[in-house]
Every structure is written in C-alpha cells, then in structure tokens.
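The chain contents come next:
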Amino acid sequence: AAIVAGIVGAGAVAPGRAVTLFGTSANSTVVTEEPVFAPWAVGIMAAAPLGRYARTMVNTSGSATIDWAARLLTGGDVARLAELAAAAPAGCDGALLVPYLSP
C-alpha cells in the first residue's frame, strides 16, 4: 500500500509513467494497464487506483546508492548531485546507473 500511495502522491497514475522513491530502500515503479509478471518471481505487482497496476523493482540500497554516486561525482555533495541531475538532458548521452536490485 505504501508503494502505491507513493506513486499516486508523485503523480504517476497514467500507464507508462514511472517513479523512483528513495529512502533506505528505493522502489522503482512503472504504472501499467494490465498486470506484468515478467520476469517471473522478480519485483512486486500491485493493484493501483483507476484500474491500473504498479510493477515495482526494489533496490535495498536506495539512499546508499545516492551517497555512492555523490561521492563519485561531487565529492559527497548530495545537493550538488541533485543539481547536476536536474540540469542533465533527457537520456544524458547514454549515462546509466544500474544499482543492485534484489528480487
């Protein structure tokens, strides 16, 4: 219920919308029109408002991932990392962070 409440609060209610909520863990969720169970036995599937579904992958090192990226890119300044992310163009020339995702 907390994951669904978080995506609704972030405004991700239309199919195809996605949101990542960071805390001790990070939950990356995409809203779908139908339940999605692939890959099987990985992630969380939940019913969401308006007849939608929420497919969530959980990263058990959410805030630790942000701290690591901040140390790597800004000497540990998380606020500066957020500024850089906000100023980056969509797709960021292919830059990609793939944190550990636990099933």
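Note that this is a predicted model, so its numbers are computed, not measured.

**Q** Residues and numbers for the pairing of strand β4 (residues 52–59), please.
**A** Summarising the sheet, strand β2 (residues 26–32) and β4 pair through seven bridges and their orientation is antiparallel. By the bridge assignment, Asn27 is partnered in β4 with Val58. Counting the residues between successive antiparallel strands, the hairpin from strand β3 (residues 44–48) to β4 contains three residues, one of them, Leu50, with a positive phi of roughly 65°.

**Q** Explain the nonpolar core residue by residue, including any values.
**A** In globular proteins that are soluble, nonpolar side chains generally tend to be buried together. The biggest cluster of nonpolar side chains holds seven residues, and these are Val4, Ile7, Ala12, Val19, Val31, Ala48 and Ala54. Apart from residues lying up to four places away in sequence, Val31 is in contact with Ile7, Ala12, Val13, Ala14, Pro15, Gly16, Arg17, Arg52 and Tyr53.

**Q** Break down the pairing of β3 for me, citing the residues and quoting the values.
**A** Strand direction decides the pairing type here: β3 and β4, joined by five bridges, are antiparallel. Counted as the bridge partner of Ala46 is Ala54 from β4.

**Q** Summarise unusual backbone geometry; cite the residues concerned and give the values.
**A** One can expect most non-glycine residues to show negative phi and most peptide bonds to be in trans. Residue Ala38 is joined to Pro39 through a cis peptide bond whose omega torsion reads -5°. Within the secondary structure, Pro39 sits in the loop between β2 and β3. Located in the positive-phi region is Ala41, a residue other than glycine, with phi close to 65°. With respect to the element layout, Ala41 can be found in the loop between β2 and β3.

Calculation criteria
Here, residues in each chain are numbered from 1, in the same order as that chain's written sequence. Local features in this predicted model are restricted to residues whose pLDDT is 70 or higher, and side-chain atom pairs enter the listing and the counts only when it is 80 or higher, whereas totals over whole chains, interfaces and linings include all residues. The basis for the side-chain values is all heavy atoms of the structure; hydrogens and waters are excluded. A pair of strands is labelled paired if DSSP reports no fewer than 2 bridges between them. Counting from the N terminus, the helices are the DSSP runs of H or I reaching at least four residues and the strands are the DSSP runs of E reaching at least two. We define the nonpolar core as a collection of buried residues of types Ala, Val, Leu, Ile, Met, Phe, Trp, Tyr and Cys that are connected through side-chain atoms lying within 4.5 Å of one another. Residue exposure (1.4 Å probe, protein chains only): buried if accessible area is under 20% of the type maximum, exposed if over 50%, otherwise partly exposed. Any two residues having at least one pair of non-hydrogen atoms within 4.5 Å are treated as being in contact.

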